[in-house]
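Fold and geometry: a report
Spelled out from the first residue to the last, the chains are:
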Amino acid sequence: MVELNGVNYRAGGTEILRDISVRFRPGRFNVVLGPNGAGKSTLLRIATGLAEPLSGDVRYAERGLSAFDAQELARMRAVLTQHVELAFALPVAEVVMMGRYPHFGRVPSARDREIVREALDLVGMTDKEQQPYPTLSGGEQQKVQLARVLAQIWAPRGDGHRYLFLDEPTTNLDVHYQLHVLSIARSLIDERTTLVAILHDLNTAFQFGDHFLLLHQGRVAFEANGASEVPVEVLERVFAVHARPISDPESGEIFWRFNL
Amino acid sequence: MIRRSYTATYVALALLLVAALVASAAIGAFSFTPAQMSRFIGEALGLVTPNDAEALGRNVFLQLRLPRVLVGALTGAILGVSGTLMQGLFRNPIVEPGLAGTSAGAALGAALVFVLGGGSALAFTRPLGTLAVPVLAFLGAFVATLIVYRVSSSFGKVNVFTLLLAGIAVNAVCGAGTGFLSYVARDPQARNIIFWNLGTFTTADWHGALLIASIFVVCVGLALRYGKALNALMLGEDAAALLGFNPERLILRVLVLNTLMVAVATAMVGVIAFVGLVIPHILRMLRSSDYNFLIPASALLGAALMEIVDVIARLIVAPAELPIGIITAVVGAPIFLWILLRQSRLGVYG
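Every chain's residues receive numbers from 1 upward, in the order its sequence appears when written. Chain letters start at A and ligand numbers start at 1, both assigned in the order the entries are written. The predicted nature of this model means local features are confined to residues of pLDDT at least 70 and side-chain atom pairs, given and counted, to a pLDDT of 80 or more, with totals for whole chains, interfaces and linings taken over all residues.

**Looking at the pairing of strand β9 (residues 211-216) of chain A**
Residues and elements named next belong to chain A. Of all six residues making up β9, five are buried, and the element is well covered by its neighbours. Relative to β9, strand β3 (residues 29-33) runs parallel, the two being bridged by four bridges. Each bridged residue has a counterpart across the sheet, and for asparagine 30 the counterpart in β9 is histidine 211. At least two DSSP bridges between two strands are required for those strands to pair. Segments assigned H or I by DSSP are reported as helices when at least four residues long, segments assigned E as strands when at least two residues long, and all are numbered from the N terminus. A loop of two residues connects β9 with strand β10 (residues 219-225), the two strands running antiparallel in sequence, and glutamine 217 in this loop sits at a positive phi of about 50°. Counting other C-beta atoms within 10 Å of a residue's C-beta gives its exposure: the residue is buried at 20 or more, exposed at 12 or fewer, and partly exposed in between, where C-beta atoms are placed from the backbone.

Next up, the structure:
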């Protein structure tokens, strides 16, 4: 579990996050929603240890984040960001191997290589493992990054807990890659895996998410368990849109049509 | 499977280096046969009784040629590794050691000693003796690099674009300083600065060879530890931090190592441009952009290519010789432009 207690953050005199207390539990797909500038990315930076809160604290499995050293944390916590560009022509397998860097000294072990293969296999990129990363399409590159991030926390040591954060992972991806990346992430969830994703597309979020946190102007606007519990009138207010439910005639599932 | 073994490439580069070293030791105003060279080395080591008939050749070989070969190889290795480290730091292959003000600062520091060393203004350098030039070069390089680093880093992060622009400004100031010194210098000194600004191995001696060798061993030995971290930095500073590295600390350490190596090499042989740019580029095309490979490989290839260039410098206008920097610039600048073209066309390097 990732726990934020009374987190405040300011940058350049502007309040970015105010008194955020939230628990991201393992075993479910935690989604962070919010309009642009709501503080989602800052929240993620603080939750992953990239930034320190002005006040308040972050705990992983009840242990304060400051008690971890960087390498120890890197062995159990990984972050998939938006599109990562590489200026150099590194083969795909080398990029994925970077995920194992926190686990070995100078030379990767046979197990590290095996994990790289397994991760590439999981994302369906095995046949491209020798291809230079910059020659892949955007969608393929993002799958490689997913493999790298998964290789990083493939077999966590210690208590076996791992923490995966996705920061708008499907921005710029076509619908196939979007579904693919999120399905893989979803398939990893278990009682020792905490998954937190910032997602922009609300319908995609409702399709994949279990638990929803809406940020608005640096504060928590609501928390909801299950898409059906989301207070739609708050969504409408925060995003300044009108929402109309449309139900799938076959499954009865609800989709939302948003209008200005 | 993942290609991780670079052994074959290392062996090929090492063979190239050995061939270049032997050629560079043999060819010049005095030419030596392999038999002569091994006999001289044997004599110097006391394994063979000296043959007085060859005393002149032996002296030329042992006191002039060998230190020159060593200084050349070590300078090439340092410039190659330095280019690799800087490109890793800037995440851009169009970076040269001279970019962060390092070379220009070193040049200014050394020029101070050349011009004012005899006077009272720099009397404090006199106890340093022959070390005055490298020490002041290091100070100049370090101050210049530090200014560039300070200007370009805020909130603990280095902004690459600011770094590039700050480098241009600091280079201009240092260049003006060196220009001023050569203007006010009395003739022989001015000539000294001009030659040295073009890069030359003619002044190499054993003293310099040992100094540069010790700096090389320490700095490149330490640099070898940063292969993984520089690879991770390719993904960006945040991604490197998420993999457990400390980007700010890495950048500072690599900058210091780089400054030390480049300053000592520059103090010894002057400004040699484009080697640091071209060496890593060739290796990226030849084999891989993996820094675990690039760092040792750029030392080997840098040393080998510098020997080849030095041989050309000795032959092309024999019995005189051309400053090294002229050749590296003439060969390196078109390659630099070609990399630029390729980059803008493909958006991909290496």
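**Some points on the packing of helix α1 (residues 7-26) of chain B against helix α13 (residues 291-316) of chain B**
Residues and elements named next belong to chain B. Between α1 and α13, the least distance of the axes is 9 Å, while the angle of their chain directions is 25°. The orientation of α1 with respect to α13, classified from their angle, is roughly parallel. The two elements α1 and α13 cross, and the hand of that crossing is left-handed. Note on element contacts: α13 touches α1 through Ala297, Leu300, Leu301, Ala303, Ala304, Glu307, Ile308, Asp310 and Val311, opposite Thr9, Tyr10, Leu13, Ala14, Leu16, Leu17, Ala20, Leu21, Ala23 and Ser24. Axes here mean lines fitted to C-alpha atoms, for a helix over just the part in contact, with angles spanning 0 to 180 degrees between N-to-C directions. For classification, angles of less than 35 degrees are called roughly parallel, those exceeding 145 degrees roughly antiparallel, those between 65 and 115 degrees roughly perpendicular, and all remaining angles oblique. Each crossing is labelled by how the near helix is turned from the far one, with a counterclockwise turn of less than a right angle marking it left-handed and a clockwise turn marking it right-handed. Think of it this way: build a C-beta for each residue from its backbone, and any pair within 7 Å is a contact.

**Regarding unusual backbone geometry**
Residues and elements named next belong to chain A. A positive phi angle is found at aspartate 19, which is not glycine, with a value near 50°. On the secondary structure map, aspartate 19 appears in strand β2 (residues 14-24). Even without glycine at this site, alanine 61 takes up a positive phi of about 45°. When you line up the elements, alanine 61 lands in the loop between β4 (55-60) and β5 (63-64).

**Some details on helix α4 (residues 102-116) of chain B**
A helix is expected to reach a length of 1.5 Å times the quantity of its residues less one. Under the 1.5 Å per step criterion, the end-to-end length of α4 of chain B is 21 Å for 15 residues, consistent within 8% with the ideal 21 Å. Burial within α4 of chain B is extensive, with 14 of its 15 residues counted as buried.

**Comments concerning the sheet that holds strand β7 (residues 162-167) of chain A**
Residue and element names in this part refer to chain A. Here six strands make up an open sheet; going across it, the order is β6-β7-β8-β3-β9-β10 and the pairing mixed. Two strands in the sheet have a free side with no partner beyond their single neighbour: β6 (77-80) and β10. Between one strand and the next, the sheet's axes are offset by a mean angle of 15°, whatever the strand orientation.

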